[in-house]
Structures are given as C-alpha cells and as structure tokens.
Amino acid sequence: MSIEVRTITAEQHLAFINERGSASFLQTPAWADVKSEWRGESIGFFDGATLTGVGLVLYRQLPKLKRYLAYLPEGPVLDWSRTDVADHLKALATHARRSKAFAVRIGPWLTHRRWLPDTIKTAIADENVTALSQVTPDQTTLVGTRLRNTLLHGGWVTNESAHGFAAGQPMFNFQLPLRHADGTQKTEAELLSSMNQLWRRNIKKAAKLGVTVTRGTRADLARFHEIYLETAARDGFTGRSLAYFEKMWDALNAEDPDRMRVYLSEHEGDLVAATTMVRVGEHAWYSYGASTTAKREVRGSNAIQWQMIRDANEAGCAVYDLRGITEGVGADDPEIGLIQFKVGTGGEAVAYIGEWDLAINKVLYKAFDLYLKRR
C-alpha cells in the first residue's frame, strides 16, 4: 500500500511522539508557536489507516511570491530503519508540492557516527588532526548509511561543506548517555566517575564554596537573560530577546508543564550562571547557557550542569544532550574550548545525517540558494 501524507491535529502529533518515547523538541507541535514567523503544520504519514510517522513542517514564504520552503528541523519523526523510507520521502515531497513549496528541507534526528571520549581526547591532543571527521568514528550506524544512500538516490542534496552552526541545525552534537547498554539507569556515582578529574574537582569546589543551584520560574527568565546578554557580548554572538525565551517557555510548557526549565546558580546572593533545559520524554537538552565574567572561580557552570544531569537522570532520561559542537579540534580552533568543556562530562560526540534539500522547483530553489549565500 502506498504512503500518504496529510495534515493531522496537534493531539495526534503529540500522541505519536509520546508513544515513541521521544523526538527532537524542534518537532513538537509547540515549536510552531515558538517559530511564529513561519507557518506551522503538523503532518502524519499514513500507510492505509496506520499512522507511521509525524512531522512539524515550518513554511517560509519567498519574498513577493506565494511559494514556500518547507522545513522540518530535526525531522520528520520516523522509524528510519523501515524498508519503505523512500516511499515516505516521496509522499512528503508530494504533500509539499500541493502546499506550494518550491523545496523541502529535512534533518533526520538520527545518529550516523559516534566518537567516544578517549577518541575525542586523542584527536584534541594530536596536532595533525584539526577536525573530528578526520578520525575514524567508534561507531557508524548501518541505518544512517542506508538513509544517506536512499536520500542520494532520491535526488536529495546536502551541503557537505557546511560546518559549525552556520547551516541550520548543527550536524555535530555532544551527548551524555544516562543508561547502561542493557537499558538500566546509571547511578549518580557512575555518572560522576565517568567525568574527568577537572570536572569532578570543579563540582566539589562549587559545593565547598557554597554555590547553590535552584530551579526558577518564568519570572526568573529575566535574570537568566541579563547574564545571557553578558555572555553574548563576551563571546561575540548576537543574543536573543527576553521575549523569545518567554514565548518559548509559554509555548513549550503549555504543551507539557515540565517541558522547559530554567536553572539558577548562585553564590552568596550573586547569580553566577543560568541555563535552560528542555525535555521530551526520555531525552533532555541543555538548550541555552549563560555565566558571569565575575566569580568564574566558584565554578557555577559546572555546578549547574551537574544539577541538570542529575535531574535528567532522575526523570528516567536515556540521554542528556549538550547540543551543538563544531567538529574543529585544532589547538587554534575558536570553538575548541566548547568541546573541551563538554568532553569533560564523559559524554560522546555524535554526527547526525545532516540537513538535506529536495528541489521541487529547481529555478526557485537555485534563486533561494543564491540569496542565502549572499546574506
């Protein structure tokens, strides 16, 4: 039987994700409310009457034309090991064409390659290695390789040169597994022992100096935002507005009251670090972080991470996700400090399959591609 894609309700969409156990938070119905400058649609993949997959499609209109880019960030939500993945992708393209899309962009939430902590540390120490992809991964998934071949065969294209955070969602991410291979939850002692000596020392130091970590409320987003802007100025990136975080809080927590949290790390009444965490089922993400330039020596950032890891573990999560990293591991790489900070948790680097485009109208797609390159 052929696969068909049609619009579904937010309730159907969410029920499928809940039954599956997790999905990227960028594929929850609530994310459409966060990205209100795009038009959002919940879609379902149907094999006859059976719902086989879901997705959040965000439509971005071309200037002056009623034609759209149909974007599924870290989606769609599908069992990528199915034998009929190609049929699902064709059905998605057909639906996008009916919705006046000139192109479809997907970013399957699927790990293709994995590098374990020792491999990453060896790569950082080797002056001849400048990128993680130069090092043989500890694992390459068969389902990832198959999907990549299916996409290539189906006419989808990916920007192989895209690296870092420039191209949509990051391909390289850092994750801390919270379960053993047999599916049982790790203990706090096991998680702590898998961290490097510096991390353990910093967590201990923060506790000794009286750093406290608490969960905040929506009102505390303003406090988080204040030091987030300080972090942005220090690290040279453009920060988002407080209104964006409030919108994110309202949308995500309306869908699930414990979807998004804010954490505050304080020392003697001073806020020294603050973070946001998002959870969908058994997957938790460290989504945004901030710290002050003052009092860095009290190690508020380590303390706040340790609290989030413990809370994710207590909630029964399989993964604590520290989100994007760049793959640069050279000593002079501008992002080397980020990967060094994250590798100290004892986690692993994973590469997803990346973002892929299918041009429906090749002329408009080419024009859009040129427009993006000029920006």
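Residues numbered from 1 in each chain as written. Predicted model: local features only at pLDDT ≥ 70, side-chain atom pairs only at ≥ 80, totals over all residues. Heavy atoms only, no water.

Q: What is the right way to look at the overall build of the chain in this model?
A: Scanning the chain from terminus to terminus reveals 12 helices and 17 strands. For a compact globule of 375 residues, the expected C-alpha radius of gyration is about 21 Å, and the chain comes in at 21 Å, within 12% of that figure. Structurally, the chain occupies a C-alpha span of about 60 × 45 × 45 Å along its principal axes. Of all 375 residues assigned to the chain, the portion counted as buried reaches 51%. In the chain, of all internal contacts separated by at least 6 residues, the share reaching a separation of at least 24 is 73%. For the chain, the computed accessible surface area is about 17700 Å², with 51% contributed by carbon and sulfur atoms. Taken together, the 46 basic and 44 acidic charged side chains of the chain have centroids lying 5 Å from each other. (Helix = DSSP H or I, 4+ residues; strand = E, 2+ residues; numbered from the N terminus. Rg over C-alpha atoms; globule rule 2.2 N^0.38 Å. Buried < 20%, exposed > 50% of the residue type's maximum accessible area, 1.4 Å probe, protein only. Contact = heavy atoms within 4.5 Å. Areas by Shrake-Rupley, 256 points an atom, 1.4 Å probe, with all protein chains shown as cover. Lys, Arg positive; Asp, Glu negative; His and termini not counted. Charge placed at Lys NZ, Arg CZ, Asp CG, Glu CD.)

Q: Would you take a moment to explain the side chain of Lys342 for this structure?
A: Relative to the elements of secondary structure, Lys342 occurs in helix 11 (residues 336–343). No salt bridge is formed by the buried Lys342. Its closest oppositely charged neighbour is Asp321, at 7.3 Å. When residues no more than four places from it in sequence are discounted, the contact partners of Lys342 are Phe174, Leu322, Arg323, Gly324 and Ile325. (Salt bridge = Lys/Arg side-chain N within 4 Å of Asp/Glu carboxyl O.)

Q: Even after reading the chapter, I still don't get the pattern of salt bridges, so can you show me in this structure?
A: It is possible for side chains of opposite charge to pair when their charged atoms get near one another. Within the structure shown, the criterion is met by 17 salt bridges. The salt bridge involving Asp357 is made with Arg105; its shortest N-O contact spans 2.7 Å. Remark: Arg105 occurs in strand 6 (residues 101–106) and Asp357 occurs in strand 17 (residues 356–359); sequence separation between them is 252 residues. For the salt bridge of Arg261 with Asp311, the shortest nitrogen-to-oxygen distance reads 3.5 Å. Of this pair, Arg261 sits in strand 12 (residues 260–267) while Asp311 sits in helix 10 (residues 300–314), placing them 50 residues apart in sequence.

Q: How do you make sense of the nonpolar core when you look at a structure like this?
A: Soluble globular proteins tend to bury their nonpolar side chains together. Core analysis: the biggest nonpolar cluster contains 44 residues, and Trp31, Phe102, Phe224 and Met248 have the highest contact counts within it. The element contributing the most residues to this core is helix 9 (residues 242–255), with 6 residues. If sequence neighbours within four positions are ignored, Trp31 has contacts with Phe25, Leu26, Leu56, Leu58, Tyr244, Met248 and Leu252. In this structure, Leu132, Phe172, Trp199 and Ile339 belong to the second largest nonpolar core, which totals 34 residues. (Core = buried A, V, L, I, M, F, W, Y, C linked by side-chain atoms within 4.5 Å.)

Q: Teacher, can you tell me more about the sheet that holds strand 14 (residues 283–291) here?
A: Through backbone hydrogen bonds, the strands of a sheet pair up, either in parallel or in antiparallel fashion. Strand order in this open sheet of 9 strands is 8-7-16-10-15-14-13-12-11, and the pairing throughout is mixed. Where the open sheet ends on each side, the last strands, each with one partner, are strand 8 (139–140) and strand 11 (212–215). Bridge count between strand 7 (residues 111–115) and strand 16 (residues 348–352): 4 bridges; the pairing is antiparallel. For Arg113, the partnering residue across the bridge sits in strand 16 and is Ala351. Sitting on the sheet, helix 4 (residues 117–125) touches strand 7, strand 10 (172–177) and strand 16, and the angle it makes with strand 7 is about 70°. (Pairing = 2+ DSSP bridges. Axes fitted to C-alpha atoms, helices over the stretch in contact; angles between N-to-C directions.)

Q: What exactly am I supposed to notice about helix 9 here?
A: Every α-helix carries 3.6 residues per turn, so stepping three or four residues along brings you back to the same face. The end-to-end C-alpha distance of helix 9 is 20 Å, a good match for the 20 Å that 14 residues give at a rise of 1.5 Å each. Taken residue by residue, helix 9 has Tyr244, Phe245, Met248, Trp249, Ala251, Leu252 and Asn253 as its buried positions. (Expected span 1.5 Å × (residues − 1).)

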